[in-house]
Amino acid sequence: MSNKELQDIFKALSNESRLKILQWLKEPSKHFPPQGVHMPEEDAFKGGVCVGSIQEKLGISQSAVSHYLDLMQRAGLLESARFGKWTYYRRNEKVIDSFKAEINSTL
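Along every chain, residues carry numbers that run from 1 in the direction the sequence is written. Residues qualify for local features only when their pLDDT is at least 70, as the model is predicted, and side-chain atom pairs are given and counted only at 80 or more; totals for whole chains, interfaces and linings, by contrast, use all residues. Hydrogens are left out, water is left out, and the side-chain values use all remaining heavy atoms of the structure.

1. Describing the sheet that holds strand 1 (residues 49-50)
Then, in step 1: Between any two strands, pairing holds if DSSP finds at least two bridges. By definition, any uninterrupted DSSP run of H or I lasting at least four residues is a helix, any uninterrupted run of E lasting at least two residues is a strand, and each is numbered from the N terminus. Strand order across the open sheet formed by 3 strands is 1-3-2, with antiparallel pairing between neighbours. Only two strands of the sheet have a single partner each, and these edge strands are strand 1 and strand 2 (78-83).
Then, in step 2: As paired elements, strand 2 and strand 3 (residues 86-91) share 6 bridges and run antiparallel to each other. When the sheet's bridge partners are listed, Ala81 is paired in strand 3 with Tyr88.

Encoded structure:
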């Protein structure tokens, strides 16, 4: 993992709301209502949570939530899938595991 990638992840995690989102998405069924209403049955984006559900839980504007999610996705922490006009996000465990391993080996 490059220093730039590490910096992007640290930047994404430096905001309390973004950190909460990542924590909530670790156990989405515990923190959000059932998801997938807008997903075709054959295309289950397992663990995905609709932007609207995240926005409602945070209690901040849709534009702020969208900005946070975009920043976290660009840092590699999240994956997204769009179904019609609804976008779902979930954790990118591969990147998160790589980040944890990098922290363990370098810090």
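Once the structure has been displayed, the description carries forward.
2. Re the packing of helix 2 (residues 16-26) against helix 5 (residues 62-74)
A pair of packed helices can be characterised by two numbers: the angle between their axes and the separation between those axes.
Then, in step 1: Two numbers describe how helix 2 lies on helix 5: the axes approach to 10 Å, and their chain directions differ by 70°. It follows from the interaxial angle that helix 2 and helix 5 lie roughly perpendicular. In terms of crossing hand, the pair formed by helix 2 and helix 5 is right-handed. On the side of helix 2, the interface is formed by Ser17, Arg18, Ile21 and Leu22, while helix 5 contributes Tyr68, Leu69, Leu71 and Met72. Angles shown run from 0 to 180 degrees and are taken between the N-to-C directions of axes, each axis being a line fitted to C-alpha atoms and, for helices, limited to the stretch in contact. Roughly parallel refers to an angle under 35 degrees, roughly antiparallel to one over 145, roughly perpendicular to one between 65 and 115, and oblique to any angle outside these ranges. Two helices that cross are described as forming a left-handed crossing if the nearer one is turned anticlockwise from the farther one by less than a right angle, and a right-handed crossing if clockwise. Note on definitions: a residue-residue contact is assigned when non-hydrogen atoms from the two residues lie within 4.5 Å.

3. So, the environment of Met72
Then, in step 1: Within the fold, Met72 resides in helix 5.
Then, in step 2: Along the sequence, Met72 and Ile9 sit 63 residues apart, while their C-alpha atoms lie 7.5 Å from each other.
Then, in step 3: If we ignore the near neighbours within four places in the chain, the residues touching Met72 are Ala12, Arg18, Ile21, Leu22, Leu77 and Leu78.

4. Some points on the packing of aromatic side chains
Then, in step 1: Stacked, edge-to-face and tilted labels apply to pairs of Phe, Tyr and Trp rings (six-membered ring for Trp) whose centres lie within 6.5 Å, assigned for plane angles under 30 degrees, over 60, and everything in between, in that order. Taken as a whole, this structure holds 3 aromatic pairs when the rule is applied.
Then, in step 2: Ring geometry for Trp24 against Phe32: centres 6.1 Å apart, planes inclined by 85°, an arrangement best described as edge-to-face.
Then, in step 3: Given the relative accessible area of 13%, Trp24 is considered buried.
Then, in step 4: Under the scheme applied here, a residue whose accessible area is under 20% of the maximum for its type counts as buried, over 50% as exposed, and between as partly exposed, the area being computed with a 1.4 Å probe on protein chains only. Judged by its relative accessible area of 6%, Phe32 falls in the buried class.

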